[in-house]
Amino acid sequence: MTVIGLDDTDSRTEGMCTTFAATRLAERIEAAGGSVQRTLLVRLDPAVEHKTRGNAALAVHCDVSADRALDLGADALAMAADDPRTNPGLVVADCDPAAVPEPVADHAEAAVHELLDVETARRRIADAGFESTAVGNGRGLIGALAAVGAWRAFEDWTYEHIAYRERDRWGTERSVDADSVFAAADRHYPTVWDTVDHASGYPVCVPRTPCPILYGIRGDDPEACRSVAAAIDGEPVDRTRTFVTNQGTDAHLRSAPLDALTDGSAYRTDGTVVEPPETREGGHVFLTLADGDTTVECAAFEPTKRFRDRVRALRPGDVLTVCGEVGDGTLKLEKFALRDPVQTELVTPECPACGRSMSSAGRDQGYRCRDCDTHRDGKVERSLARAIEPGWYEVPPVARRHVAKPLVRGGFDGPCHPER
């Protein structure tokens, strides 16, 4: 068995994307008489500065020799080598993908959580006895090695069936019938998810970039993904490929307390809301979460749309679990769980005689009714009407990160309120 990993082949000048490079590589392997067991689409750390869009690395699991795989893989790198902003990398491992050396699997897991350096990747490649080649500064070797180690590193896998456009249509407006997309998506939901966004009316599966992809259908069953794709009307499809992927799995999240969060990684953490949510310029919503003496600002940015209303409904004293990437000290919310909502609030008492709101009697002297001369020692508790229930809430499909797990996939500790 041979594993070929590649990364950083998203050529902006040619509209290239790494999934297309891996598809072409798989086709060349098959044309050369080899067989492809699977193609992996591995989403890495979404906070990496040098990423292109979804920060994907690819792996092809096949049965050609390592030498032949290296030759065929070099052709895939050449498709992006003309773009000076890309630094493609290729790694070839002559071993079963489930039996790569443990440091390689550790590298894959780390690459989903944090920024890694090229020299460390080169050393791990050499230590494992793998072959490799790279263009430019070789940064693509980091992701390529991560793709090689991913099958051993991760357990939760989903699928994406990608349809590609004819070459002369790249860079032009896509022709896809939205009604057929929504109809097919509804028939196969929730097995197939994040195909459309009902509230905005947008077919999420259709990219807005000038890449070769016509649409990508994601879900938990490959046949269901292909069925949705087959029901979509639109421009001619040039070729297709179904990928096994860590998309929709939350592989990027690490559990940590608030005082352990650092920039450039994504976390699942707990805390209590200490200030009312604030809507700032641009429509972004911010709240402050605390755990002991540690506070962290959390943000629901404007592109998360209606999710911001969920955040606005939170109150000081609410206990939350929050998930998201940390950058510049701010946690960018992907989803949250309301664990223990505040049920009451302290309000100025009403006069028991006349029903009017009482007035302050002075500092530390409680409240009194100036008309009836009644007195109360302080504010009183009143049941608080809440616009939000306990449970998990998430950004809508149109704003979801590739690697973030949709609530509809299940496995969450508490009630879920999925977005469609």
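Residues numbered from 1 in each chain as written. Predicted model: local features only at pLDDT ≥ 70, side-chain atom pairs only at ≥ 80, totals over all residues. Heavy atoms only, no water.

**Examining the packing of aromatic side chains**
Alright, step 1. By the definition in use, this model includes eight aromatic pairs.
Alright, step 2. Seen from their ring centres, Phe20 and Tyr164 are 5.2 Å apart, and the 70° between their planes marks the pair as edge-to-face. Of this pair, Phe20 sits in helix α1 (residues 18-31) while Tyr164 is found in strand β6 (residues 158-165), placing the two residues 144 residues apart along the sequence.
Alright, step 3. By relative accessible area, which is 3% here, Phe20 ends up buried. (Phe/Tyr/Trp six-rings, centres within 6.5 Å; stacked < 30°, edge-to-face > 60°. Helix = DSSP H or I, 4+ residues; strand = E, 2+ residues; numbered from the N terminus. Buried < 20%, exposed > 50% of the residue type's maximum accessible area, 1.4 Å probe, protein only.)

**With respect to the pattern of salt bridges**
Alright, step 1. Taken as a whole and judged by the stated rule, the model has 31 salt bridges.
Alright, step 2. Where Arg268 meets Asp413, a salt bridge forms, and the shortest distance between an N and an O atom there is 2.9 Å. With Arg268 in strand β11 (residues 266-273) and Asp413 in the segment after β22 (391-394), this residue pair connects regions lying 145 residues apart in the sequence.
Alright, step 3. The class for Asp413 is partly exposed, based on a relative accessible area of 41%.
Alright, step 4. Three or more residues joined by partner-sharing salt bridges are found here, namely Arg24, Glu27, Asp238 and Arg239. (Salt bridge = Lys/Arg side-chain N within 4 Å of Asp/Glu carboxyl O.)

**Let's talk about the domain arrangement of the chain**
Alright, step 1. Domains assigned within the chain are domain 1 (2-153), domain 2 (158-245), domain 3 (254-343 + 385-409) and domain 4 (344-383).
Alright, step 2. Summarising the inter-unit geometry, the C-alpha centres of domain 1 and domain 2 are found 24 Å apart.
Alright, step 3. Between domain 1 and domain 2, the residue contacts involve 21 residues of the former and 17 residues of the latter.
Alright, step 4. Buried area between domain 1 and domain 2, both sides added, is near 1500 Å², and the carbon and sulfur share of it is 56%. (Domains from an automatic or database assignment. Contact = heavy atoms within 4.5 Å. Buried area = accessible area lost by both parts, 1.4 Å probe.)

**Observations concerning the sheet that holds strand β20 (residues 375-376)**
Alright, step 1. Read across the open sheet, the three strands follow the order β18-β19-β20; overall the sheet is antiparallel. The sheet terminates laterally at β18 (359-360) and β20, the two strands that pair on one side only.
Alright, step 2. Pairing between strand β19 (residues 367-368) and β20: two bridges, direction antiparallel. By the bridge assignment for β20, Arg368 is matched with His375. (Pairing = 2+ DSSP bridges.)

**Regarding the UniProt feature "domain: OB" (unreviewed entry) in the chain**
Alright, step 1. Taken from the UniProt record, the annotation "domain: OB" (unreviewed entry) applies to residues 279-327.
Alright, step 2. Across residues 279-327 one finds 12% helix and 49% strand; the C-alpha atoms that close the span lie 19 Å apart. (UniProt positions renumbered as here; feature names shortened; annotations may be inferred.)

**Re the sheet that holds strand β3 (residues 56-62)**
Alright, step 1. Pairing is mixed across the open sheet formed by nine strands, whose spatial order is β5-β4-β1-β3-β2-β9-β6-β8-β7. Of all strands in the sheet, those with a lone pairing partner are β5 (131-134) and β7 (192-193), marking the two edges.
Alright, step 2. Relative to β3, strand β1 (residues 2-7) is paired through six bridges, and the arrangement is antiparallel. Its bridge partner being in β3, Gly5 is matched across the sheet by Ala59.
Alright, step 3. The strands that helix α7 (residues 222-230) touches are β6, β7, β8 (213-219) and β9 (237-245); relative to β8, the one it contacts most, it runs at about 140°. (Axes fitted to C-alpha atoms, helices over the stretch in contact; angles between N-to-C directions.)

**Topic: the environment of Ala251**
Alright, step 1. Residue placement: Ala251 occurs in the loop between β9 and β10 (253-255).
Alright, step 2. Contact partners of Ala251, with chain neighbours within four places excluded, come to Val112, His113, Phe154, Asn246 and Val403.

**Section: the packing of helix α6 (residues 178-188) against α7**
Alright, step 1. It is at 8 Å that the axes of α6 and α7 come closest, and there the two elements cross at 155°. Overall, the two elements α6 and α7 adopt an arrangement that is roughly antiparallel. Viewed along their axes, α6 and α7 form a crossing whose handedness is right-handed. Within the contact between the two elements, α6 uses Ala184, Ala185 and His188 and α7 uses Ala224, Ser227 and Val228. (Parallel < 35°, antiparallel > 145°, perpendicular 65-115°, else oblique. Left-handed = near helix turned anticlockwise from the far one by under 90°.)

**A few points about the environment of Ala26**
Alright, step 1. With respect to the helices, strands and loops of the structure, Ala26 is situated in helix α1.
Alright, step 2. Owing to a relative accessible area of 0%, Ala26 belongs among the buried residues under this scheme.
Alright, step 3. Considering only alpha carbons, one finds Ala26 and Gln37, 11 residues apart in sequence, at a separation of 9.7 Å.
Alright, step 4. Excluding residues that lie within four positions of it along the chain, Ala26 makes contacts with Val36, Thr39 and Arg241.

**A look at the packing of helix α4 (residues 118-128) against helix α5 (residues 140-153)**
Alright, step 1. Where α4 meets α5, the axes come as close as 8 Å, and the angle between the chain directions of the two elements is 45°. One finds that α4 runs oblique with respect to α5. As α4 runs across α5, the sense of the crossing is left-handed. On α5, the residues that touch Val118, Ala121, Arg122, Arg124 and Ile125 of α4 are Leu141, Ile142 and Leu145.
Alright, step 2. Of the residues belonging to the contact of α4 with α5, the class tally is six nonpolar, no polar and two charged. (Nonpolar A, V, L, I, M, F, W, Y, C, P; charged D, E, K, R; others polar.)

**Considerations on a negative patch on the surface**
Alright, step 1. A surface patch of negative charge is lined by Asp67, Asp71, Asp75, Asp94 and Glu131.
Alright, step 2. A per-element tally of the negative patch places helix α2 (residues 66-78) first, with three residues.
Alright, step 3. The residue Asp67 is located in helix α2 in this model.
Alright, step 4. The exposure class assigned to Asp67 is exposed, which follows from its relative accessible area of 57%. (Patch = residues over 30% accessible without salt bridge, like charges linked within 9 Å, V, L, I, M, F, W, Y side chains within 5 Å. Areas by Shrake-Rupley, 256 points an atom, 1.4 Å probe, with all protein chains shown as cover. Lys, Arg positive; Asp, Glu negative; His and termini not counted. Charge placed at Lys NZ, Arg CZ, Asp CG, Glu CD.)

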